[in-house]
Amino acid sequence: MNNVFKYRLKELRIEKEIGQVELAKVLGVSKGVISLWENGLREPGMNSLILLAKYFAVSIDYLVGLE
């Protein structure tokens, strides 16, 4: 995965006006995990990508910068 994901995630989260804690609850992960993703220090697994795509109503391709 490239660095596009971290920017898209933060952008989508801010557009939806939710914090890292709220997004973490939706996904069933810790706030720290969201922070690691947004800072490009970790990458989400497939299950998390699917949940993110559904939550934000975007494609996984969009999330990872393929479109």
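Residues numbered from 1 in each chain as written. Predicted model: local features only at pLDDT ≥ 70, side-chain atom pairs only at ≥ 80, totals over all residues. Heavy atoms only, no water.

Colleague: What's the story with the overall build of the protein in this structure? I'm lost.
Modeller: Scanning the protein for helices and strands turns up 5 helices and 0 strands. Its C-alpha radius of gyration of 10 Å places the protein within 12% of the 11 Å reference for a compact globule of 67 residues. For the protein, the C-alpha atoms occupy an extent of roughly 25 × 25 × 20 Å along the three principal directions. Every one of the 67 residues in the protein was classed for burial, and the buried ones make up 33%. In the protein, the share of contacts with a sequence separation of at least 24, taken over all contacts with a separation of at least 6, comes to 58%. Total accessible area on the protein stands at roughly 4,100 Å², and carbon and sulfur atoms take up 51% of it. Looking at the protein, you have 9 positive and 8 negative side-chain charges, and the mean spots of the two groups are 7 Å apart. (Helix = DSSP H or I, 4+ residues; strand = E, 2+ residues; numbered from the N terminus. Rg over C-alpha atoms; globule rule 2.2 N^0.38 Å. Buried < 20%, exposed > 50% of the residue type's maximum accessible area, 1.4 Å probe, protein only. Contact = heavy atoms within 4.5 Å. Areas by Shrake-Rupley, 256 points an atom, 1.4 Å probe, with all protein chains shown as cover. Lys, Arg positive; Asp, Glu negative; His and termini not counted. Charge placed at Lys NZ, Arg CZ, Asp CG, Glu CD.)

Colleague: Can you walk me through the packing of helix 2 (residues 20-27) against helix 4 (residues 46-56) in this structure?
Modeller: For any two helices packed against each other, the geometry is given by the interaxial angle and the distance between the axes. Between helix 2 and helix 4, the least distance of the axes is 10 Å, while the angle of their chain directions is 115 degrees. Crossing angle aside, the handedness with which helix 2 passes helix 4 is right-handed. Residues E22, L23, V26 and L27 of helix 2 form the contact with helix 4, whose participating residues are L51, L52, Y55 and F56. Residues that form the contact of helix 2 with helix 4 fall into these classes: 7 nonpolar, no polar and 1 charged. (Axes fitted to C-alpha atoms, helices over the stretch in contact; angles between N-to-C directions. Left-handed = near helix turned anticlockwise from the far one by under 90°. Nonpolar A, V, L, I, M, F, W, Y, C, P; charged D, E, K, R; others polar.)

Colleague: How do you make sense of the environment of K10 when you look at a structure like this?
Modeller: Mapped onto the elements, K10 comes out in helix 1 (residues 4-15). Overall, the relative accessible area of 41% leaves K10 in the partly exposed class. Residues K10 and W37 lie 27 residues apart in sequence; the distance between their C-alpha atoms is 9.0 Å.

Colleague: In this structure, what is going on with helix 4? I would like to understand it.
Modeller: For an α-helix, the turn length of 3.6 residues means that residues three or four places apart are oriented alike. Within helix 4, burial applies to S48, L49, L52, A53 and F56. The buried residues of helix 4 occupy one face: seen down the axis, they fall within an arc of 135 degrees. Projecting away from the buried face of helix 4 at angles above 90 degrees are the exposed residues M46, N47 and K54. Residues of helix 4 that are buried in the fold lie against helix 1, helix 2, helix 3 (31-38) and helix 5 (60-63). In the stretch just after helix 4, A57 is the one whose phi turns positive, near 55 degrees. (Arc of directions from axis to C-beta.)

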